[in-house]
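Secondary and tertiary structure notes
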Amino acid sequence: MSTDRTMGGVTGHSNVTLGETAVSLTLLKPKPLMNISGSSVAGALRNSVKVPDAMILIHDSLSHKPKALSPKIGGSANGHNGVRSIISALGGETRFHRLRIGIGRGPGDAAGYVLSRLPEEEKLYWNGDGIGLDLICNELERIARKQLGSQGLP
(Lines give C-alpha, C1' and ligand atoms only; values in the text may rest on other atoms or scores of the structure.)
Protein backbone atom coordinates (compact mmCIF):
# COMPACT_ATOMS: atom_id res chain seq x y z
CA MET A 1 0.00 0.00 0.00
CA SER A 2 1.24 3.48 -0.80
CA THR A 3 -0.04 7.03 -0.94
CA ASP A 4 -0.85 8.05 -4.50
CA ARG A 5 -1.80 11.68 -5.14
CA THR A 6 -3.25 10.89 -8.58
CA MET A 7 -5.60 8.38 -6.93
CA GLY A 8 -6.46 10.63 -3.96
CA GLY A 9 -5.54 8.30 -1.14
CA VAL A 10 -3.76 5.15 -0.10
CA THR A 11 -3.76 2.50 -2.81
CA GLY A 12 -2.69 -1.04 -3.38
CA HIS A 13 -2.67 -2.96 -6.64
CA SER A 14 -2.15 -6.64 -7.32
CA ASN A 15 -3.24 -9.54 -9.47
CA VAL A 16 -5.18 -11.82 -7.13
CA THR A 17 -7.23 -14.98 -7.29
CA LEU A 18 -10.73 -14.81 -5.84
CA GLY A 19 -11.99 -18.37 -5.61
CA GLU A 20 -10.96 -19.62 -9.02
CA THR A 21 -11.09 -16.25 -10.77
CA ALA A 22 -7.90 -14.31 -11.47
CA VAL A 23 -8.44 -10.53 -11.37
CA SER A 24 -6.45 -7.34 -11.40
CA LEU A 25 -7.48 -5.54 -8.21
CA THR A 26 -6.83 -1.95 -7.14
CA LEU A 27 -7.86 -0.90 -3.64
CA LEU A 28 -8.33 2.70 -2.58
CA LYS A 29 -8.77 4.16 0.86
CA PRO A 30 -9.61 7.79 0.09
CA LYS A 31 -7.75 10.42 2.06
CA PRO A 32 -10.85 12.56 2.72
CA LEU A 33 -13.52 11.48 5.18
CA MET A 34 -16.26 9.30 3.66
CA ASN A 35 -18.82 12.11 3.46
CA ILE A 36 -16.55 14.15 1.18
CA SER A 37 -14.67 11.34 -0.61
CA GLY A 38 -16.41 11.78 -3.98
CA SER A 39 -13.66 13.69 -5.79
CA SER A 40 -11.01 11.25 -4.57
CA VAL A 41 -13.02 8.21 -5.71
CA ALA A 42 -13.88 9.84 -9.06
CA GLY A 43 -10.20 10.65 -9.62
CA ALA A 44 -9.19 7.08 -8.84
CA LEU A 45 -11.82 5.79 -11.25
CA ARG A 46 -10.50 8.03 -14.04
CA ASN A 47 -6.92 6.87 -13.33
CA SER A 48 -7.64 3.15 -13.14
CA VAL A 49 -10.60 1.16 -14.44
CA LYS A 50 -12.25 4.09 -16.26
CA VAL A 51 -15.75 2.55 -16.36
CA PRO A 52 -18.08 2.89 -13.38
CA ASP A 53 -19.46 -0.66 -13.52
CA ALA A 54 -15.95 -2.00 -12.84
CA MET A 55 -15.84 -0.10 -9.53
CA ILE A 56 -16.96 -1.66 -6.26
CA LEU A 57 -17.70 0.60 -3.30
CA ILE A 58 -17.75 -1.02 0.13
CA HIS A 59 -19.60 1.05 2.71
CA ASP A 60 -21.60 0.87 5.92
CA SER A 61 -25.38 0.78 5.95
CA LEU A 62 -27.67 1.82 8.78
CA SER A 63 -30.56 0.21 6.86
CA HIS A 64 -29.16 -3.32 7.16
CA LYS A 65 -28.78 -5.49 10.25
CA PRO A 66 -25.29 -5.81 11.72
CA LYS A 67 -23.14 -8.41 9.94
CA ALA A 68 -25.37 -8.38 6.84
CA LEU A 69 -23.76 -7.98 3.41
CA SER A 70 -26.06 -6.54 0.77
CA PRO A 71 -24.80 -6.19 -2.82
CA LYS A 72 -26.32 -3.58 -5.10
CA ILE A 73 -25.60 -1.99 -8.45
CA GLY A 74 -26.90 1.45 -9.30
CA GLY A 75 -29.68 3.31 -7.55
CA SER A 76 -29.79 6.18 -5.13
CA ALA A 77 -27.53 6.94 -2.18
CA ASN A 78 -30.37 6.02 0.23
CA GLY A 79 -29.40 8.90 2.51
CA HIS A 80 -25.72 7.88 2.76
CA ASN A 81 -23.75 11.13 2.48
CA GLY A 82 -20.56 9.43 1.33
CA VAL A 83 -22.33 7.61 -1.49
CA ARG A 84 -24.09 10.86 -2.38
CA SER A 85 -20.69 12.60 -2.58
CA ILE A 86 -19.37 9.90 -4.93
CA ILE A 87 -22.44 9.97 -7.18
CA SER A 88 -22.19 13.77 -7.39
CA ALA A 89 -18.46 13.64 -8.24
CA LEU A 90 -19.23 11.09 -10.96
CA GLY A 91 -21.69 13.53 -12.54
CA GLY A 92 -24.75 11.61 -11.35
CA GLU A 93 -23.41 8.24 -12.52
CA THR A 94 -24.77 5.39 -10.37
CA ARG A 95 -23.81 2.29 -12.40
CA PHE A 96 -21.22 1.04 -9.95
CA HIS A 97 -21.31 -1.91 -7.58
CA ARG A 98 -21.84 -1.47 -3.87
CA LEU A 99 -21.29 -3.88 -1.03
CA ARG A 100 -23.32 -2.49 1.84
CA ILE A 101 -22.14 -3.74 5.20
CA GLY A 102 -24.93 -3.65 7.74
CA ILE A 103 -24.29 -1.86 11.00
CA GLY A 104 -27.93 -1.43 12.06
CA ARG A 105 -29.21 1.60 13.88
CA GLY A 106 -27.91 2.29 17.34
CA PRO A 107 -29.47 4.44 20.02
CA GLY A 108 -29.29 8.21 19.73
CA ASP A 109 -27.65 10.26 17.01
CA ALA A 110 -26.93 8.38 13.77
CA ALA A 111 -23.64 10.24 13.14
CA GLY A 112 -22.39 9.44 16.63
CA TYR A 113 -23.34 5.81 16.19
CA VAL A 114 -21.65 5.49 12.78
CA LEU A 115 -18.43 7.02 14.13
CA SER A 116 -18.38 4.91 17.30
CA ARG A 117 -16.21 1.84 17.74
CA LEU A 118 -17.39 -1.38 16.16
CA PRO A 119 -18.59 -3.93 18.74
CA GLU A 120 -16.09 -6.75 19.37
CA GLU A 121 -18.46 -9.37 17.92
CA GLU A 122 -18.63 -7.48 14.62
CA LYS A 123 -14.86 -6.95 14.54
CA LEU A 124 -14.38 -10.71 14.83
CA TYR A 125 -16.99 -11.33 12.14
CA TRP A 126 -15.35 -9.03 9.55
CA ASN A 127 -11.67 -9.72 10.33
CA GLY A 128 -9.45 -12.14 8.40
CA ASP A 129 -10.59 -15.15 10.43
CA GLY A 130 -14.30 -14.31 10.41
CA ILE A 131 -16.89 -15.39 7.88
CA GLY A 132 -17.68 -11.79 6.90
CA LEU A 133 -14.47 -11.48 4.90
CA ASP A 134 -15.31 -14.74 3.10
CA LEU A 135 -18.71 -13.28 2.17
CA ILE A 136 -17.02 -10.17 0.76
CA CYS A 137 -14.49 -12.25 -1.23
CA ASN A 138 -17.28 -14.43 -2.63
CA GLU A 139 -19.21 -11.37 -3.73
CA LEU A 140 -16.07 -9.82 -5.28
CA GLU A 141 -15.55 -13.06 -7.22
CA ARG A 142 -19.17 -13.04 -8.41
CA ILE A 143 -18.78 -9.47 -9.68
CA ALA A 144 -15.42 -10.28 -11.33
CA ARG A 145 -16.90 -13.31 -13.10
CA LYS A 146 -19.78 -11.18 -14.34
CA GLN A 147 -17.34 -8.51 -15.61
CA LEU A 148 -15.17 -11.09 -17.36
CA GLY A 149 -18.25 -12.77 -18.86
CA SER A 150 -19.49 -9.46 -20.26
CA GLN A 151 -16.09 -9.03 -21.94
CA GLY A 152 -16.33 -12.51 -23.49
CA LEU A 153 -13.61 -13.92 -21.23
CA PRO A 154 -13.90 -17.19 -19.25
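Structure: see above.
Now for a quick tour of the structure.

Criteria and cut-off values
- Residues numbered from 1 in each chain as written.
- Predicted model: local features only at pLDDT ≥ 70, side-chain atom pairs only at ≥ 80, totals over all residues.
- Heavy atoms only, no water.
- Helix = DSSP H or I, 4+ residues; strand = E, 2+ residues; numbered from the N terminus.
- Buried < 20%, exposed > 50% of the residue type's maximum accessible area, 1.4 Å probe, protein only.
- Contact = heavy atoms within 4.5 Å.
- Lys, Arg positive; Asp, Glu negative; His and termini not counted.
- Charge placed at Lys NZ, Arg CZ, Asp CG, Glu CD.
- Pairing = 2+ DSSP bridges.
- Axes fitted to C-alpha atoms, helices over the stretch in contact; angles between N-to-C directions.
- Parallel < 35°, antiparallel > 145°, perpendicular 65-115°, else oblique.
- Left-handed = near helix turned anticlockwise from the far one by under 90°.
- Nonpolar A, V, L, I, M, F, W, Y, C, P; charged D, E, K, R; others polar.

**Considerations on the overall build of the protein chain**
If you tally the helices and strands in the protein chain, you get five helices and six strands. Overall, the protein chain is about 50 × 35 × 30 Å in size when its C-alpha atoms are taken along their principal axes. By the burial criterion, 36% of the 154 residues in the protein chain qualify as buried. Partitioning the contacts of the protein chain with sequence separation of at least 6, the portion at a separation of at least 24 is 59%. Each charge sign in the protein chain was given a centre, from 18 positive and 13 negative side chains, and these centres are 8 Å apart.

**Quick look at the pairing of strand E2 (residues 9-18)**
Bridge count for E2 against strand E3 (residues 21-30) is 10 bridges, and the pairing is antiparallel. Residue pairing across strands places Val16 opposite Val23, the latter belonging to E3.

**Remarks on the environment of Ala144**
Here Ala144 shows up in helix H5 (residues 131-150). Residue classification places Ala144 among the buried positions, given a relative accessible area of 11%. Expressed as a C-alpha distance, the spacing of Ala144 and Leu62, which sit 82 residues apart in the sequence, is 26 Å. In this structure Ala144 touches Thr21 and Val23, once residues within four positions along its chain are discounted.

**Some points on the environment of Pro32**
When you line up the elements, Pro32 lands in the loop between E3 and helix H1 (38-47). Taking the C-alpha atoms as reference, Pro32 lies 8.2 Å from Gly8; in sequence the two are 24 residues apart. Excluding anything up to four places from it in sequence, Pro32 contacts Gly8, Ser37 and Ser40.

**Considering the packing of H1 against helix H2 (residues 81-89)**
Relative orientation of the contacting elements H1 and H2 amounts to 50°, with a least axis distance of 7 Å. Considering the angle they form, H1 stands oblique to H2. Regarding H1 and H2, the two cross each other, and that crossing is right-handed. Along the contact surface, H1 presents Gly38, Ser39, Val41 and Ala42, while H2 presents Ser85, Ile86 and Ala89. Of the residues that constitute the contact of H1 with H2, the class distribution is four nonpolar, three polar and no charged.

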